[in-house]
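Structure at a glance
Here are the chains, one letter per residue:
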Amino acid sequence: MSDNPYEPMPARVIGVSMEAGGIRPVKKIQVAFVNEEDKNNFKNVPGNCAILSMIGQGESMISITSPPTEKDFLEFAIMKVGVVTTALHELEVGDIVGVRGPYGNAFPIDDWKGKDIVIIGAGIGMAPIRSIYNYILHPDNRKDFGKVTLMYGARTPNDLSFKKELFEYEDQADPDVFLCIDWKFGPNGMMDEDAQEGWPRINMKDAGATVIPPGQTRFTCFVPQLVEMIKPSPENTIAITCGPPIAIKFITQNLSKLGFDDEQIFTTMENRMKCGIGKCGRCNIGDVFVCVDGPVFNYKQVKELLPEY
Amino acid sequence: MTTYKISKDKMNELLSSIKGYDVYVPTELGDKFQFKVMKDAGDAKLGYSQSAKPPKDVIFPQNEVLMNYKIQPNGFDVDQVIDSIGKFVIFGIRNCDSRALKYLDTQMLNGKYVDPYYAKRRENTTVVGLACNTPLYNCFCKSVGAGPHHKEGHDVHLTELDDGYLVEIITDKGKELLANSMSLLAGSSDADASKQAELKQACEAKFVRKLDIKGNDKRMLDIFESDYWRDVSDGCIGCGICTLLCPTCFCFDIQDIGSRKEGQRVRVWDSCQYPEYTMHASSHNPRPGKKERQRQRFFHKYVYSYKNNQMLGCVGCGRCINQCPTQIDIIDVIEGVKNVKEVDQ
Amino acid sequence: MSNDQLRKIASTLLAEGKVKYFLGNVRGADGFSSKPTTARTPEEANEFVWDPSCVNNMASYLHEDKKRILKRGEEPDTRPIGIFVKGCDSRSVALNIQEHIFEREQIYIVGATCEGVVDVPKLKKAWMKRGLPVAATNTLQLSIVGNEVIASFDGKQEKFAKDDVIMQRCKVCRYPNPVIHDELIGEQVEPKPDAYPDLEEMEAMSPAERWAFWTDQFSNCVRCLACRNVCPACYCRECSVQRSNPAFGPRTTPTEKMAKAQFSNKTPTKEDNFNFHMSRMYHMTGRCTNCGECNRVCPVGIPLRLLTRKMDKDVRETYDHESGLDTEPKNLLAEYRDDDPEGGFL
Amino acid sequence: MTDNNENNENFEPKIIAFLCTWCSYAGADLAGSARIQYPTNVKIIKVMCSSRINPLFVLRAFRKGADGVLVSGCHPGDCHYLTGNYFTRRRLILFKKQLEWVGIDPRRFHMSWVSASEGQGWADVVNKVIDDVKELGPQDEMKRKVVE
């Protein structure tokens with residue numbers, strides 16, 4: 001560990017698992033620092049990001065999806081889209097990657113104690129907020145929070161990340177889990193709206209009026225409609241959302257309709273970042289550098305930002 | 001501060017007497033000028049008007065190696081090159097450019113993290129300023145807080161007089177630089193000082209273009225979504241001239257260059273005018289069009305910088321105006337903000 | 001005079017709704033130069049100028065239309081784009097039609113015959129040298145009569161020798177009259193003879209000297225990509241020389257994915273710049289219309305026109321091909337003849 | 001231009017050859033099976049047709065340190081895809097002229113037609129290329145160097 005913030009620290013891959021398949025596969029990798037010193041210096045909180053270096057290919061800013069309760073390793077969920085992420089997808093257990101960070105601010109988790117939590121993820125947007133629900137659901141911390149509701153949607157069942165643990169939660173009494181997909185592939189491999197086995201369709205126009213059969217956790221609709229339908233109560237509740245910008249927009253709109261205050265809604269605004277330390281200039285929204293002042297904002301702060309995200 | 005004088009014919013001798021530094025001097029580049037490491041003192045053209053590329057690339061080079069890497073069977077080695085950074089002199093920098101270095105300091109050295117490469121180069125650089133006697137047509141440094149004869153940020157300040165240069169040694173760094181060449185310097189007289197003041201006044205009177213920046217930042221925020229920005233960027237072709245040649249622009253990209261076995265991690269200038277610059281992995285782009293990208297440039301210089309660093313991000317060198325292939329004129333754009341009608345909500 | 005004609009045509013077109021917008025020049029802020037702009041209303045079109053300061057090739061702005069992403073539910077505007085072109089620019093428009101980027105009826109071309117355009121920095125220098133009043137440039141009007149560039153301001157006239165202040169490219173211009181147009185402004189102009197005097201100096205050099213010359217030039221390149229962006233023939237959504245972009249997006253075509261192979265690093269070192277400029281030159285082979293814009297915009301003065309002119313010469317000498325002369329589909333590298341020359345093969 | 005004769009004597013050039021799979025590669029194959037001796041400096045990259053070769057591949061080869069590049073395809077009229085090599089011909093002739101214009105010695109870049117039956121012809125081409133490149137010495141101009 002040196003003073004140079006650009007220097008990557010070596011970390012060994014200790015586990016990989018495919019989270020989602022399809023055209024944009026998501027892979028989860030677990031890394032552990034090679035040096036004890038680096039491990040002790042790396043203090044992440046939910047919401048932080050880190051920069052993964054594939055030496056020779058480049059660097060990418062990736063959210064840390066493991067909660068700080070996991071001291072021994074860090075987890076990253078990576079969608080394969082570009083040069084670096086493709087290289088990261090080729091990693092196997094035992095390989096070495098560079099990690100530097102953690103960067104960014106954090107979710108103010110301590111302020112949320114005693115409140116109900118609603119977590120809404122869309123697509124790969126579940127990755128940064130996975131650290132929160134894992135933190136909250138950890139036996140040590142669970143008693144500090146009220147009711148926890150998880151809502152998550154992706155394009156197809158194939159694209160749902162963290163399936164394994166979400167399906168496990170689905171079977172348990174706590175937390176409440178609601179999953180949705182946009183569509184499902186039919187037998188011919190094409191989008192097939194009728195082949196919704198186990199995923200009941202929702203009338204898009206009238207999602208708010210739909211009565212949910214008890215015990216139903218899977219739906220076919222977009223995430224904002226899921227929110228409209230589940231109708232989480234705004235009372236003493238914090239809502240956390242992340243996803244593609246367009247999804248965030250409609251989710252927050254629907255939350256406001258349900259009576260959520262701007263300060264009750266938190267989101268992470270992950271822009272493209274390169275340096276992670278507020279120098280390279282590309283992640284700014286107005287005068288705010290997302291990598292230093294963000295990525296976590298509450299909706300009130302988001303409204304104050306210039307509309308350029 | 002001590003003031004000396006040196007005659008014009010001895011200037012080359014002074015330049016050659018500087019040892020142990022890489023001396024960057026303005027040299028000719030076709031009909032333009034550029035800062036280059038001096039090989040022969042005769043190359044220096046101190047009568048230059050403005051360099052095509054600002055001398056910020058001495059401290060913040062366009063290609064800067066951050067580290068050399070080598071992939072080993074069980075890991076990687078990175079060799080930081082930070083210690084091998086030598087000592088530099090920027091000789092004959094104009095005040096607009098040296099003020100820009102001051103601005104870069106606020107970006108690279110302030111905040112939660114310090115950029116170690118920039119910090120090291122900045123520390124190792126001695127800045128020898130040269131007062132400007134003939135501003136170019138599009139210069140407007142006086143309107144944005146700099147000035148042709150200002151000395152801020154200089155370690156040594158030179159003023160060209162009729163028969164020689166007035167040498168003002170301002171800091172210890174400057175003293176150290178000229179320690180070997182004190183014999184070339186002569187004392188200066190009061191007449192020289194009054195001549196200097198006269199030149200200053202004459203130069204300031206020569207400015208053609210002016211910009212009134214008062215209240216503009218608030219006004220700009222009001223019309224953020226106006227079609228005005230579309231109109232000013234209509235002619236933009238999306239090249240990076242205005243930003244790459246800007247003395248205060250600091251955006252960069254980090255690239256790994258080399259094979260899978262060994263290579264370099266290089267920092268290279270980037271520009272907010274390119275679409276790839278902000279594009280997300282999902283191909284969503286927060287600044288999808290040239291309207292948004294040009295707007296970002298003006299806002300960064302005139303609104304965000306002022307808010308974050310209490311300093312304008314524009315030093316009035318006029319390079320972006322002179323070099324823009326399509327005559328987008330920052331003075332005109334910022335002045336024009338006042339005449340924009342309110343946006344319909 | 002010619003100003004009025006252009007303004008009348010453009011504003012009528014816009015008023016009648018025959019074009020969705022009109023690309024033309026207005027007077028720039030410094031008074032000497034002209035500034036490319038898009039007129040969306042007849043009032044804006046009444047600001048247009050057409051005089052020897054109109055150096056910009058408006059054809060490069062056509063591509064904006066293709067790059068624009070429609071909003072959800074937005075109907076595409078199928079009306080043609082109005083464009084003002086000089087002789088050289090008309091070839092660029094024709095090239096775009098030849099390559100099926102646009103169909104002929106998608107562009108409404110208002111052509112103007114051209115005696116040459118002035119090199120604005122040169123004119124500015126000459127202006128300053130004569131000590132002429134700078135404030136007077138607000139009313140400046142330029143025109144070319146015979147061998148002189150006449151600048152009139154405040155009722156006064158100032159004459160400059162044409163050879164001193166016009167662009168180098170206009171001295172060898174073989175197409176001063178628009179090759180395609182819907183409406184034409186001005187009288188036919190006599191083209192310059194078919195010769196390459198500007199290449200002679202370079203041709204006399206030895207390979208080693210040429211290499212030294214080009215490395216020296218390329219070492220100055222800052223990779224601002226102005227030469228690429230200003231080029232009316234460069235219309236790819238993503239360029240083969242840029243690397244740090246996602247491998248695919250929802251709109252990436254297979255061709256574009258193919259173009260993502262990395263041929264040049266982003267770092268502007270001498271060797272990478274060589275690669276960049278060679279790639280650019282090669283991609284222009286048989287397509288370049290010699291408008292000379294790349295040479296004009298270069299902020300560090302790399303003589304890129306030496307490359308394109310040489311290419312033009314080679315293509316014409318070897319294959320008797322010239323791009324952008326008509327709207328018939330034609331592409332040098334996408335067609336062949338059995339009896340093509342075969343020099344250089346072992 | 002490197003003209004270091006001392007080095008040149010022991011200099012073993014690196015040649016990258018792009019061969020079309022139907023004629024030239026088969027020709028090179030034939031040279032092998034007919035035991036025709038030719039130098040081993042040539043690294044062969046097989047492509048389906050000579051018209052697959054983007055001149056940028058050539059640049060990239062030089063950039064990665066090749067001392068010479070050879071592109072070879074079927075004789076005009078013999079192309080497996082009927083017309084591929086006609087396009088190659090236009091492309092490469094112009095590209096070679098461009099390389100010459102910026103000062104690259106034309107002997108660094110060669111094009112040839114070698115058919116599947118010309119084992120000896122292939123060996124001759126290789127010998128000619130290697131002779132030329134040996135005369136010139138190592139290629140240093142276009143090679144990518146580290147950033148200083």
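Residues numbered from 1 in each chain as written. Chains lettered and ligands numbered in written order. Predicted model: local features only at pLDDT ≥ 70, side-chain atom pairs only at ≥ 80, totals over all residues. Heavy atoms only, no water.

**With respect to the overall build of chain A**
Scanning chain A for helices and strands turns up eight helices and 15 strands. Taken over the C-alpha trace, chain A has a radius of gyration of 19 Å; the compact-globule value for 309 residues is 19 Å, and the two agree within 12%. Once the C-alpha set of chain A is aligned to its principal axes, its extents read approximately 60 × 45 × 40 Å. For chain A, with 309 residues in total, the buried portion stands at 60%. Long-range pairs, those at least 24 residues apart, make up 67% of the contacts in chain A between residues at least 6 apart in sequence. With 31 positive and 41 negative side-chain charges, chain A shows a spacing of 3 Å between the two charge centroids. (Helix = DSSP H or I, 4+ residues; strand = E, 2+ residues; numbered from the N terminus. Rg over C-alpha atoms; globule rule 2.2 N^0.38 Å. Buried < 20%, exposed > 50% of the residue type's maximum accessible area, 1.4 Å probe, protein only. Contact = heavy atoms within 4.5 Å. Lys, Arg positive; Asp, Glu negative; His and termini not counted. Charge placed at Lys NZ, Arg CZ, Asp CG, Glu CD.)

**As for the packing of aromatic side chains**
This structure, assessed with the given rule, holds 34 aromatic pairs over all chains. For the ring pair Trp127(C) and Phe160(C), a centre distance of 6.4 Å and an interplane angle of 25° mean the geometry is stacked. Of this pair, Trp127(C) sits in helix H5 (residues 120-129) while Phe160(C) sits in strand S7 (residues 156-161), and the two are 33 residues apart along the sequence. The exposure class of Phe160(C) is buried, given its relative accessible area of 2%. Ring geometry for Phe345(C) versus Trp113(D): centroids 4.2 Å apart, planes at 20°, classification stacked. With Phe345(C) in the segment after helix H13 (304-319) and Trp113(D) in strand S4 (residues 109-113), this pair bridges two chains. The class for Phe345(C) is buried, based on a relative accessible area of 14%. Among the aromatic residues, those joined into a cluster by ring pairs are Phe224(B), Tyr228(B), Trp229(B), Phe298(B), Phe299(B) and Tyr304(B). Over the ring of Phe252(B) we find Arg267(B), and its NZ or CZ is 4.8 Å from the ring centre. (Phe/Tyr/Trp six-rings, centres within 6.5 Å; stacked < 30°, edge-to-face > 60°. Lys NZ or Arg CZ within 6 Å of the ring centre and 35° of its normal.)

**A short note on the interface of chain D and chain C**
Frequently, the measure chosen for interface size is the accessible area removed from exposure when the parts meet. Of the residues lining the interface, 40 residues belong to chain D; the matching set on chain C comes to 46 residues. Around 4,300 Å² of area is buried between chain D and chain C when both sides are counted, 64% of it from carbon and sulfur atoms. Where chain D meets chain C, there are four salt bridges. In this structure, the salt-bridge partner of Asp340(C) is Arg90(D), at a minimum N-O distance of 2.9 Å. For the interface between chain D and chain C, the tally reads 16 residue pairs in polar contact (both at pLDDT 80 or more). Of all elements in the fold, only helix H3 (55-63), helix H4 (84-101), S4 and helix H5 (119-136) of chain D reach the threshold of two or more residues within the side of chain D that touches chain C. With 14 residues, H4(D) is the single largest residue contributor to the side of chain D that touches chain C. (Buried area = accessible area lost by both parts, 1.4 Å probe. Salt bridge = Lys/Arg side-chain N within 4 Å of Asp/Glu carboxyl O. Polar contact = N/O pair within 3.5 Å; in protein donor to acceptor, adjacent residues only side chain to side chain.)

**Side note on the sheet that holds strand S1 (residues 15-20) of chain D**
Residues and elements named next belong to chain D. Pairing is parallel across the open sheet formed by four strands, whose spatial order is S2-S1-S3-S4. Both edges of this open sheet fall to strand S2 (42-47) and S4, since each of them pairs with a single strand only. Going across the sheet, the axis of each strand differs from the next one's by a mean of 20°, ignoring polarity. Where S1 and strand S3 (residues 68-73) come together, five bridges link them in parallel fashion. The residue of S3 that forms the bridge with Leu-19 is Ser-72. Those strands touched by helix H2 (residues 24-33) are S1, S2 and S3, and its axis lies near 115° from that of S1. (Pairing = 2+ DSSP bridges. Axes fitted to C-alpha atoms, helices over the stretch in contact; angles between N-to-C directions.)

**What to know about unusual backbone geometry**
Note that the residue after Gly101(A), namely Pro102(A), is joined by a cis bond; omega there is -5°. Following the sequence through the fold, Pro102(A) ends up in strand S6 (residues 96-103). Omega for the peptide link from Asp174(A) to Pro175(A) comes to 0°, which places this bond in the cis form. With respect to the helices, strands and loops of the structure, Pro175(A) is situated in the loop between helix H4 (163-171) and strand S9 (176-181). If you check the backbone angles, Lys231(A) has positive phi at about 50° while not being a glycine. Along the polypeptide, Lys231(A) turns up in the loop between helix H5 (223-230) and strand S11 (237-242). By relative accessible area, Lys231(A) is classed as partly exposed at 44%. Here Gln310(B), not a glycine, exhibits a phi torsion of approximately 55°, which is positive. Within the element layout of this structure, Gln310(B) appears in the loop between helix H9 (290-309) and helix H10 (319-323).

**Some details on the pairing of strand S5 (residues 75-80) of chain B**
Residue and element names in this part refer to chain B. Two elements, strand S4 (residues 63-72) and S5, share six bridges in a ladder whose sense is antiparallel. Its bridge partner being in S5, Ile-71 is matched across the sheet by Phe-76. Taken together, S4 and the strand that follows it, S5, pair antiparallel across an intervening segment of two residues.

**Description of empty space enclosed by the protein**
Residues and elements named next belong to chain C. One pass over the full model with this rule turns up eleven cavities of 30 Å³ or more. Taken together, 25 residues make up the lining of the largest cavity; nearest its centre are Cys-88, Arg-169, Cys-173, Arg-174 and Tyr-175. Listed by contribution, the elements that provide at least two residues to the lining of the largest cavity are helix H4 (87-98) and H13. Both domains that meet at the lining of the largest cavity, namely domain 1 (3-185) and domain 2 (197-334), each give it at least three residues. (1 Å grid on protein atoms, 1.4 Å probe; cavity = no way out; pocket = protein on both sides within 12 Å on 5 of 7 lines; lining within 4 Å. Points joined across faces, edges and corners; volume = space filled by probe spheres on them. Domains from an automatic or database assignment.)

**Some details on the pattern of salt bridges**
Residues and elements named next belong to chain B. With the rule as written, the count across this model stands at 72 salt bridges over all chains. A salt bridge links Lys-8 to Glu-160; the shortest N-O distance between them is 2.9 Å. With a gap of 152 residues between them, Lys-8 in the loop between strand S1 (2-7) and helix H1 (11-16) and Glu-160 in strand S8 (residues 156-160) connect regions that are remote in the sequence. The class of Lys-8 is partly exposed, set by a relative accessible area of 36%. Of the charged contacts, one joins Lys-53 and Asp-57 as a salt bridge, the two residues approaching to 3.5 Å between their closest N and O atoms. Lys-53 gets classed as buried once you look at its relative accessible area, which sits at 16%.

**Quick notes on the confidence of the model for chain B**
Looking at chain B, pLDDT values average 88 and 99% of them are 70 or higher. With a pTM of 0.91, the predicted complex shows an ipTM of 0.89. (pLDDT = per-residue confidence, 0-100.)

**Focus on the sheet that holds S7(C)**
Residue and element names in this part refer to chain C. Strand order in the open sheet formed by three strands is S5-S6-S7, and the pairing between neighbours is antiparallel. The strands lining the two open edges of the sheet, one partner per strand, are strand S5 (141-145) and S7. Neighbour-to-neighbour, the strand axes of the sheet open up by a mean angle of 25°, direction not taken into account. Where H5 meets the sheet, it contacts S5, strand S6 (148-153) and S7, and its direction lies at approximately 120° from that of S7.

**Focus: the packing of H5(A) against helix H6 (residues 245-257) of chain A**
Axis angle and axis distance: for two packed helices, these are the angle between their axes and the distance between the axes, and together they describe the pair. Residues and elements named next belong to chain A. Following both chains from N to C, one finds H5 and H6 inclined at 15°, their axes separated by 8 Å at the closest point. Classified by the angle their axes make, H5 and H6 are roughly parallel. Every pair of crossing elements has a handedness; the one defined by H5 and H6 is right-handed. Between H5 and H6, the contacting residues are Val-223, Pro-224, Gln-225, Val-227 and Glu-228 on the first element and Ala-247, Phe-250, Ile-251, Asn-254 and Leu-255 on the second. (Parallel < 35°, antiparallel > 145°, perpendicular 65-115°, else oblique. Left-handed = near helix turned anticlockwise from the far one by under 90°.)

**A look at the side chain of Arg297(B)**
Mapping Arg297(B) onto the fold places it in helix H9. Setting aside its immediate chain neighbours within four residues, Arg297(B) contacts Cys242(B), Thr243(B), Gln273(B), Cys320(B), Ile328(B) and Ile330(B).

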